[in-house]
Amino acid sequence: MKDIKYIALCVALTTIALAGCSRFEEDDLFDESAALRIEHNAEKLQEILVNAPYGWVMQYHTGRGVAVFEGFNLFAKFEKGGKVTLAGDHRYLRDGNANKYTECASLYELIREDGLVLTFNTWNDVLTPFVDPVSYWAAPGSLLKDGEGMQGDQNLVVMSMSQDEVICRGERYDALIRLVKADRDWQTYINDTKTLKERITNSVIDSYYITDGVDTMYYVGLRNGRYRLSERVNNPLRVDSISCCFTPTGFRNERVDTLGRYTFQEFYLNEDASALVSEDGRVQVFATWDNYIINHSAVWEMDAELFTEEQQALFDQIAAEMNTLNKQWTLKSIGIGRSTGKNPVNGLILTYYTNTAKTKTNNAGLELTILKPKSKQMSLDCTEDNVPDNNLSVFTSRGSAIESLLRQFAATLIGTYDMTPNDYFLPTSVHCTPISSGTAFTIGS
Amino acid sequence: MHELKLRKEMKKLIYIIGIAVATVTISSCRGDDNFTDSIFDTSVPAVDETKATYPFDLWLYENFVVPYNVDVKYRFDLSASDLNFQLTPADYNRSQLLAHFIRYLFYDVYTKYAGDDFMKKYGPRIFHFIGSSGYSPTTGTEVLGTASGGVKITLYKINEMKPYSEGVTYSGDDVNILNENYFHTMHHEFSHVLHQTKSYPVTFGQVTSGSYDPINWQDRDSCWTHQHGYVTHYASSATYEDFVETLSCIITDTKYRWMNRIINAAAMGVRQGDKEDILELIDSLDIDLDAPDSHWNDFTLYEESEYNDQTGEYESTERYVLDEHRLLGYQVVNKEATAYVAQYKYKVLRKFTSFKDDFLPWVEISSDEELTGINSLLKKLDIATKWYKENWGLYAFTLRREVVERQNNINDYLQNDVTIYELK
C-alpha cells in the first residue's frame, strides 16, 4: 500500500513538473516582441517605400463609409531623409492649379503608435487640401472654414505591406488608402489611365451592369469616380455610394465588395474590350449599351448591304411609292428607332429626303414592339395592334401602300436577336443575329 | 528488514526524482532570453545629418534646444493635438519663418529684460505648430492657441502667415496679423504659465466680478466688453483669462486698438481722477496724442438704439459707439411681421477733432456705480502691471516698447538674420 503511495507521489510530482513545462512548448505567435516588430516593420517599410524607381501610386480616398468624393490618384516618391514628393492633377489643387499636374515636396515619417503610421506631417499642396477643414463646395476658389472639409487623412495606419503594395487606413476617418508601386513614370500613368477611362466611360452611357452571371446590380455614374450601386438604374430602393480610382487597366473600388458568392475590388478591361472583369474573373462589369441601343431616341439605320432579297424588294417598292407621292421625295433608309413629328412611334422608321438636293429629310414610322428579353438581346414584334405614326397614316390616307409594305418588311424582322456592338461602351452600330426567326441585320447611327 | 531496505530505496528514489524534477523545472524556467542592447539606435546624434530638414533642425537645436531646452514641433503630431478639431500640418517654409520670429519677438525680448535663465526656467518646453485654425462650426469660434500646463504651447493658423521668399517684406498689416494670430496668443499663454507659478492678486478678479461669462463670452461685442472694463471679449470669460489678456494686450496691441478701446471705455463717463490716469496710460503705451493723421483726433461717436418688436419703436441701448462698432448688417422682423427692419440705428452724437482737447474734456465725470468701463480697465491694468513688476521684475510697458521696436525693424531682421532652408 505504501509502495502505491510512493509511486502515486512520484507520478504526481512528475506530472506537475511536466505540466509546468508544457506551456513553454506552445508555438510562439510571433518571433519578436511587439516593440521589436513595430521597429523592424518600420525599417522594412522604409526600405520598401524608398526602393521604388518610379515611386508609388497612392489611391487616395476620403471620408467615412458612404463615399462623398471620387478616389484620387496621387503619386509619391519617398526619400530616406524624410522627404516625399507628391504629385497629382485633381480638381482640389489650389492657387490656380486645379486639374493641372502639380508636384510638391514635403515631409513624411513612419511613427510608431499601436501600429505603424505613415504620416505626411507638413503641409503638402497635393494631399493636404483633402484634410483642410474648409468647405469643399467652395474650394478651391474660396476657402471657407467649416471645421470638417473633405474628411481626408494625413495619418495613414499601415494595415499590410509587401514589396509592391502598402495598404493603409486613414487614422481619423477610416478611408482605405492603397499605395501600389508605380510601373511607369507618373505622367505616363496619368495618360494611360486617362486613355482607359475615356475608353470605358462616356457621358452617353454611364450605367453599367455588375453581374456574376446570376445576380445583377447596377453601377450608375462610374465616370465620376464615385458612383451609385443599386438594384436598378431608375428609382432604386437601395443605393450605396462607392468611390473608385481609375487605373491604366480598369478601376479599383475603395473597399472589397461581394456579389453572390464572389468577392471583388478591382476590375480589368478584358481582351476583347467587351467588359471589365474582377480579379478572379467571376464578376463582370459592362456598360448598358443594350439599353442604349433599344431606347435610343434617334434612328439606327439598317445596313442595306445586308438586306435579304425580299427586304431589298420591299425597300425598292416603298421607294417607288414614295416617289409617287411626291416627285421630290427619295427614300434614304429603313431603320429602327423613334420617329419625329406628330404621334411619334418607336419602331421601324423610314427616312426620306424631301428635296432633290437631298439636304432635307423627314421620316415616317410603324410601331414595333421592341423588348430586351435578356441582356445583350433584342426582340422585335409587329402585329395589327402596332400603329403607324402621323406621317405614315397620311401616306395611307392618300392611297399609298407604304404602310402595308412596311408591315411586310417588319414581318421579316420579327424574332429575337443576339446583339453584337462595334464598341461595348459606346456603340455606333450593332449586328443582330437571329436566335429565333427573323433575319440578320446591322443597324448603325 | 527487506521492507525497511525497500523503503530506504524508495526514499532515495524519491529524492532523486525530486531533484531531477526541480532541476528540469528550474532549467525550463530559466529561458533562453538573451538581452541585447537597446533596439533603438542610440548612436544617432541630437540633430540627424541624414534628414532632409537637417539645416533647419540644426538651427532649432542651436536657437531653442541648447539655450532654452525647447522642442519646436513643426511636424504635425496628431496624437498630441486636439482631436475635437480637424487640423492640418503647418507649411515647412512658414514654420521656419515663425520659429525665427518667435526667437526674435518673444524669447529675445524676455531674455533681454529678465535674464538668460528666465525663459529656460519658465518658458514652455514644447511649441506645436498647426497649419489650420481650431475652428468650431457650432460656435463659429477659432482657437488660435492653447497652453497645456505650462509645458506646451500650440499655435494654430500657421498656414495663413505670409510666407518667406527672397526679398520678402512685412508690412504693418502683416505684423498685425502676426500679433493677432501668434504673439498675442503666446504672451497670453506664457502669462498663464507665470500666474500659475506665482498667483495674481484676488483683487484683480473683484474689479469686474459680476460680469464674467465662461459660456457665452463670444456673443459679447467689443463695445460691450470695453464699456464693462475688459480689454477683449475673451477677457470677459474668466478672471484668469482677463488677467493674461490684459498683459498680452499691453505687449502686443496696436496704438489704434488701444485708443479705440480707451475711447470706447471712457465715452459713457469716467470717475474722478480717471482722466489723468488715461493720459498716463497713453503715455506708457508710447502713443503720441498729437501724431498727425491719427484716428483718435478725427472720430465720431454714435448713439445706438435697438428695434423693439413689441412696440415697433427704436429704443436707446444707452451706449455710445465708434464707427467700427456699429452693427449695421443685423435685421429683425418688424412688429407687424411683414418685413425685415434694421435691428440697430445710429445717430451721430458728436464728431471729435482731438482726443486730448476735445474728447477728454467732453467726457463727463460721474460717480455712478454702474459705470465700470475705463475705471475698471485702469484698475486692472494697474494690478496686472504691478504684479508683473513685483513678482518677475518685468515692466509690461517696457516689453511692449521692445516688441514694437523689433517689429519696426522686422524687415532688416528678415533680410539679415533669416535663412529659410529647402528640403535637401
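Small disclaimer: the values here were computed from a predicted structure and weren't measured.

## Overview of the overall build of chain B
Here is step 1 of the chain: Along the backbone of chain B there are 14 helices and 11 strands.
Here is step 2 of the chain: For chain B, the proportion of its 424 residues judged to be buried stands at 35%.
Here is step 3 of the chain: By sequence separation, contacts in chain B at least 24 residues apart represent 73% of the contacts at least 6 residues apart.

## Considerations on the domain arrangement of chain A
Residues and elements named next belong to chain A.
Here is step 1 of the chain: According to the domain assignment, chain A consists of domain 1 (34–183), domain 2 (200–287) and domain 3 (293–444).
Here is step 2 of the chain: Relative to domain 2, the C-alpha centre of domain 1 lies at a distance of 25 Å.
Here is step 3 of the chain: Between domain 1 and domain 2, the contact holds 11 residues from the first and 11 residues from the second.

## A short note on the confidence of the model for chain B
Here is step 1 of the chain: Across chain B, the average pLDDT comes to 89, with 90% of residues at 70 or higher.
Here is step 2 of the chain: Under a pLDDT of 50 for its full length, residues 26–31 of chain B has, in the predicted model, two contacts with residues more than four places off or in other chains.

## Points about the pairing of strand β6 (residues 152–155) of chain B
Looking along a regular strand, one sees the side chains alternate between the two faces of the sheet.
Residues and elements named next belong to chain B.
Here is step 1 of the chain: Of the pairings in the sheet, the one linking strand β2 (residues 126–129) to β6 comprises four bridges and is parallel in character. Residue pairing for β6: Phe-127 is matched across the bridge by Ile-153.
Here is step 2 of the chain: Inspection of the sheet shows strand β5 (residues 145–148) paired to β6 by four bridges, in the antiparallel sense. Residue pairing in the sheet places Ala-147 in a bridge with Ile-153 of β6.
Here is step 3 of the chain: Following β5, the chain reverses through three residues before pairing antiparallel with β6; Gly-149 in that reversal takes a positive phi of roughly 55°.

## Focus: the domain arrangement of chain B
Here is step 1 of the chain: Taken as a whole, chain B is organised into domain 1 (46–172 + 415–424) and domain 2 (299–352).
Here is step 2 of the chain: Of note, the centres of domain 1 of chain B and domain 2 of chain B, computed from C-alpha atoms alone, are 44 Å apart.

## Overview of helix α13 (residues 396–408) of chain B
All names here are of chain B.
Here is step 1 of the chain: Over its 13 residues, α13 runs 18 Å from end to end, which matches the ideal 18 Å to within 8%, given 1.5 Å per residue.
Here is step 2 of the chain: Among all positions in α13, only Ala-396, Leu-399, Arg-400, Val-403 and Gln-407 are buried. Each buried residue of α13 lies within a common arc of 105° when the element is viewed along its axis, so the set occupies one face. Facing away from the buried side of α13, by more than 90 degrees, are the exposed residues Glu-405 and Asn-408.

## So, the pairing of strand β17 (residues 284–287) of chain A
Residues and elements named next belong to chain A.
Here is step 1 of the chain: Residues Gln-284 and Phe-286 of β17 are buried on one face, and the alternating residues Val-285 and Ala-287, pointing to the opposite face, are buried as well.
Here is step 2 of the chain: In this structure, strand β10 (residues 207–211) lies alongside β17, joined through four bridges in antiparallel fashion. Bridging from a neighbouring strand, Ile-210 pairs with Val-285 of β17.
Here is step 3 of the chain: Examined bridge by bridge, strand β16 (residues 276–278) and β17 share two bridges and lie antiparallel to one another. Bridge pairing links Leu-276 to Val-285 in β17.
Here is step 4 of the chain: The antiparallel pairing of β16 with β17 creates a hairpin that spans five residues between the two strands, and Gly-281 there sits at a positive phi of about 75°.

## So, the packing of helix α5 (residues 309–325) of chain A against helix α7 (residues 402–413) of chain A
All names here are of chain A.
Here is step 1 of the chain: Interaxial distance between α5 and α7 falls to 10 Å at its minimum, and their mutual angle equals 160°. As far as their axial angle goes, α7 and α5 are roughly antiparallel. You can see that α5 and α7 cross each other, and the crossing is left-handed. Counting all contacts with α5, which are made through Glu-310, Gln-311, Leu-314, Gln-317, Ile-318, Glu-321 and Met-322, the residues of α7 involved are Ile-402, Leu-405, Leu-406, Gln-408, Phe-409 and Thr-412.
Here is step 2 of the chain: Split by residue class, the contact of α5 with α7 holds seven nonpolar, four polar and two charged.

## As for the sheet that holds strand β5 (residues 109–112) of chain A
Residue and element names in this part refer to chain A.
Here is step 1 of the chain: Overall, antiparallel pairing links the nine strands, which are arranged β4-β3-β2-β1-β9-β8-β7-β6-β5 in an open sheet. Each edge of the sheet is formed by a strand with only one pairing partner; in this case those strands are β4 (102–107) and β5. Along the sheet, successive strands turn relative to each other by an average axial angle of 30°, direction set aside.
Here is step 2 of the chain: Summarising the sheet, strand β1 (residues 56–60) and strand β9 (residues 176–181) pair through four bridges and their orientation is antiparallel. Bridge pairing in β9 places Met-58 opposite Leu-179.
Here is step 3 of the chain: Of the strands in this sheet, β2 (72–78), β5, β6 (116–119) and β7 (155–161) touch helix α2 (residues 34–50), which is tilted by about 165° from β5.

## A word on unusual backbone geometry
Residues and elements named next belong to chain A.
Here is step 1 of the chain: Going from Ala-139 to Pro-140, the amide bond is cis rather than trans, its omega being 0°.
Here is step 2 of the chain: Here Pro-140 shows up in the loop between β6 and β7.
Here is step 3 of the chain: Phi at Lys-358 is positive, roughly 55°, even though this residue is not glycine.
Here is step 4 of the chain: Along the chain, Lys-358 falls in the loop between β20 (346–353) and β21 (361–367).

Scoring rules and cut-offs
- Residues numbered from 1 in each chain as written.
- Chains lettered and ligands numbered in written order.
- Predicted model: local features only at pLDDT ≥ 70, side-chain atom pairs only at ≥ 80, totals over all residues.
- Helix = DSSP H or I, 4+ residues; strand = E, 2+ residues; numbered from the N terminus.
- Buried ≥ 20, exposed ≤ 12 C-beta atoms within 10 Å, placed from the backbone.
- Contact = placed C-beta atoms within 7 Å.
- Domains from an automatic or database assignment.
- pLDDT = per-residue confidence, 0-100.
- Pairing = 2+ DSSP bridges.
- Expected span 1.5 Å × (residues − 1).
- Arc of directions from axis to C-beta.
- Axes fitted to C-alpha atoms, helices over the stretch in contact; angles between N-to-C directions.
- Parallel < 35°, antiparallel > 145°, perpendicular 65-115°, else oblique.
- Left-handed = near helix turned anticlockwise from the far one by under 90°.
- Nonpolar A, V, L, I, M, F, W, Y, C, P; charged D, E, K, R; others polar.

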